[in-house]
Amino acid sequence: NDTIPIPASATEEAWQKMPHFFRPTSGGMNEGRTRWMWRYDEPDKHQRMMKNYYRMASEVDTSVGIILKELEMQGQLNNTMIIFTTDNGNFHAEHGLADKWYPHQESIRVPLVIKDPRMSPEFFGTTNDEFTLNIDLAATVLAAAGLDPLPTMMGRDMSVLYRKNGFEGEVAATTSQSRRKAFASTNGRQYIDPASDGDGTYHSGSESSWRTEFFYEHPMHSHPDYIPSSEALVRKDYKYFYWPNFKYEQLFDLKNDPGELNDLITSKNPMHQTKLKEMRKRFVELKMMAHSDLPVIL
């Protein structure tokens, strides 16, 4: 008999603020909107769907518990690295959408839980808000096995975030100038230069620091009316969207607008105009790196 809270951005107003190409056309309906109608277009349906969703999550939790118990019975639980994650987030009616595919927080924030025998005790049961990416999974598993990632892998071993002195022994790079010098890395891979804006605040990492920005992309599925392609430059204070099929841009101030409801792309505020110019430039830089065969860490 519980009532599941409705997201603040699950409103008609939020839907109307979505880009024009999300509206139905002669080419068809956006799939995110179609699935919203399947699941969330009526209050009672929304409640029923969310409760079923949580039932499935509880079933997954129970199944994971069975696996952990078996490892414990075999005496291997404390000798096993466990990574629990998934491939995407989910819209639960935010912005008038369901499912995934787009650069909004609800879609790109992905669950990640790690149990690692090497974890330092002070990190047990803690959370971390660093930007970890799916490209980091392979590098993390390989490192746990004592292997280096391939030169063309762009991810990074996440264990440095939860192992005591994880960055120890690596070149310090705490300023813009020193980060630009901190290029060398293991296995021939390199850290790229930080963004030209922010005095070194925005970067893809160095030997002594974790990334503070990243490039996101999702390809078009079938045709633009169905699931348009989307790209973004993601930071903790701002996010820049680019919709390639329509050459359409958006800019959001995540500090003051965490729900991504107020697009600043046409703002006359000089600060917003400067931020847009800077993020456009960095977006192109990271996209080119991500699409290259260069041995870089992103």
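Residues numbered from 1 in each chain as written. Predicted model: local features only at pLDDT ≥ 70, side-chain atom pairs only at ≥ 80, totals over all residues. Heavy atoms only, no water.

1. Remarks on the overall build of the chain
Short version of the rule: By definition, any uninterrupted DSSP run of H or I lasting at least four residues is a helix, any uninterrupted run of E lasting at least two residues is a strand, and each is numbered from the N terminus. We compute the radius of gyration over the C-alpha atoms and compare it with the globule rule, which gives 2.2 Å times the number of residues raised to the power 0.38. Note on definitions: a residue-residue contact is assigned when non-hydrogen atoms from the two residues lie within 4.5 Å. The Shrake-Rupley method, run with a 1.4 Å probe sphere, supplies the accessible areas, and residue values consider only the shown protein chains as cover. In summary, the charge assignment counts Lys and Arg as positive and Asp and Glu as negative, without counting His or the chain termini. A single reference atom marks each charge: NZ on Lys, CZ on Arg, CG on Asp, CD on Glu.
When its secondary structure is counted, the chain shows 7 helices and 10 strands. For a compact globule of 298 residues, the expected C-alpha radius of gyration is about 19 Å, and the chain comes in at 21 Å, within 12% of that figure. When the backbone C-alpha atoms are referred to their principal axes, the chain occupies close to 55 × 55 × 35 Å. A sequence separation of at least 24 residues applies to 59% of the contacts in the chain between residues at least 6 apart. Per element, the accessible surface of the chain, about 16,300 Å² overall, is 55% carbon and sulfur. Side chains of the chain carry 34 positive and 41 negative charges; the gap between the two charge centres is 2 Å.

2. Thoughts on the sheet that holds strand β8 (residues 238–243)
So the rule is basically this: A pair of strands is treated as paired once DSSP finds two or more bridges between them. Orientation is described by lines fitted to C-alpha atoms, with helices fitted over the stretch in contact, and by angles between N-to-C directions that extend from 0 to 180 degrees.
With antiparallel pairing, 4 strands are arranged side by side in an open sheet as β6-β7-β8-β9. Edge positions in the sheet fall to β6 (213–218) and β9 (248–253), since each has one partner strand and no second. On average, each strand axis in the sheet is tilted by 15 degrees relative to the strand beside it, whichever way the strands run. Note: β6 against strand β7 (residues 230–235), 6 bridges, orientation antiparallel. Considered in β7, the bridge of F215 is made with L233.

3. Comments concerning a nonpolar patch on the surface
Operational definition: Each patch is assembled from residues with relative accessible area greater than 30% and no salt bridge, linking like charges that lie within 9 Å and nonpolar side chains (Val, Leu, Ile, Met, Phe, Trp, Tyr) that lie within 5 Å. Only one rule defines a salt bridge in this text: a Lys or Arg side-chain nitrogen within 4 Å of an Asp or Glu carboxyl oxygen. Exposed residues in this analysis have more than 50% of their type's maximum accessible area, buried residues have under 20%, and partly exposed residues fall in between, with area computed by a 1.4 Å probe over protein chains only.
The grouping of Y53, Y54 and M56 at the surface amounts to a nonpolar patch, some 310 Å² of accessible area in total. Within the element layout of this structure, Y53 appears in helix α3 (residues 43–73). Residue class for Y53 comes out partly exposed when judged on its relative accessible area of 30%.

4. Observations regarding the pattern of salt bridges
Under the counting rule described, the total for this entry stands at 17 salt bridges. For the salt bridge of K287 with E231, the shortest nitrogen-to-oxygen distance reads 3.0 Å. You can see K287 sitting in helix α7 (residues 270–290) and its partner E231 sitting in strand β7, a full 56 residues away along the chain. Relative accessible area serves as the criterion here: at 8%, E231 is assigned to the buried category. Each of D197, E213, R235, K281, R282 and E285 takes part in one network of salt bridges that share partners.

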